[in-house]
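# Structural overview
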Amino acid sequence: MADDSLVIDDFADPGLVSRLGTPWRAVSDRVMGGISEASVTREVDNGSACLRLSGDVRLENNGGFVQAGLDLTPSGGTFDASAYSGLRLTVRGNGEGYGLHLRSADNTRPWQSYRASFTAGPEAVTLEIPFTAFQPHRIDKPLDVSRLRRVGLVAIGRAFTADLALCAIAFYR
């Protein structure tokens, strides 16, 4: 059976431009006065290209997050993922818990998102996270996957050192 997933990124582009034509960006709580440090780089390890999110999550000044974020369309419009069941990620990390956050057209405030969590250990694993696993955060509307705008890998909520490699991300059926 053919794999009919839609690859979002396999990190073949050295400039961290996704297969959707949009760039990955590092974001931290500095946008709201925090002092967390975020870095998003491309690294090749054992022949696999990966995005690496690293940084120190700090709680001072009401902060507490670092993120690798990706708009799902070059125009900033919405992406219809209703033909898919969820997101497939290949990750490895430092044993910490991380968040996979989605934003849709319904998110009107920067603190609103839909969130799922996972742990990334030192060995690469492929995870399938169904859309049903995403919980609304500070929004009353359910996730509408026909109106997605952004995906983010996030280290959030506690002081720790983030070190997460994302080696593939796709929508799966």
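Here, every reference points to the structure presented above.
These remarks concern the structure in this document. (Residues numbered from 1 in each chain as written. Predicted model: local features only at pLDDT ≥ 70, side-chain atom pairs only at ≥ 80, totals over all residues. Heavy atoms only, no water.)

To continue, consider the overall build of the chain. Scanning the chain from terminus to terminus reveals zero helices and twelve strands. Each helix (α) and strand (β) of the chain, taken in turn from the N terminus, gives the series β-β-β-β-β-β-β-β-β-β-β-β. The C-alpha atoms of the chain give 15 Å as radius of gyration, which agrees with the globular expectation for 173 residues (16 Å, within 12%). The C-alpha extent of the chain, read off along each of the three principal axes, is 50 × 45 × 25 Å. Evaluated residue by residue, the chain yields a buried proportion of 44% over its 173 residues. Intrachain contacts of the chain at a sequence separation of at least 6 include 73% that bridge at least 24 residues. Accessible surface computed for the chain: about 8500 Å², of which carbon and sulfur atoms make up 48%. Each charge class in the chain can be summarised by its mean position, and for the 18 positive and 20 negative side chains these summaries are 6 Å apart. (Helix = DSSP H or I, 4+ residues; strand = E, 2+ residues; numbered from the N terminus. Rg over C-alpha atoms; globule rule 2.2 N^0.38 Å. Buried < 20%, exposed > 50% of the residue type's maximum accessible area, 1.4 Å probe, protein only. Contact = heavy atoms within 4.5 Å. Areas by Shrake-Rupley, 256 points an atom, 1.4 Å probe, with all protein chains shown as cover. Lys, Arg positive; Asp, Glu negative; His and termini not counted. Charge placed at Lys NZ, Arg CZ, Asp CG, Glu CD.)

For Ser117, the position within the fold is in strand 8 (residues 113-120). Each C-alpha atom, one on Ser117 and one on Asp163, is 15 Å from the other, the two residues being 46 residues apart in sequence. Leave out the neighbours within four places in its chain, and Ser117 touches Tyr98 and Gly99.

So, on to the side chain of Ser104. Mapped onto the secondary structure, Ser104 falls in strand 7 (residues 96-104). Residues within four places of Ser104 in sequence aside, it is in contact with Tyr114, Asp144, Arg147, Leu148 and Arg149.

Moving on to the side chain of Ser54. Assignment of secondary structure puts Ser54 in strand 4 (residues 48-57). Since its relative accessible area comes to 18%, Ser54 is described here as buried. Setting aside its immediate chain neighbours within four residues, Ser54 contacts Glu37, Ala38, Ser39, Ala162 and Asp163.

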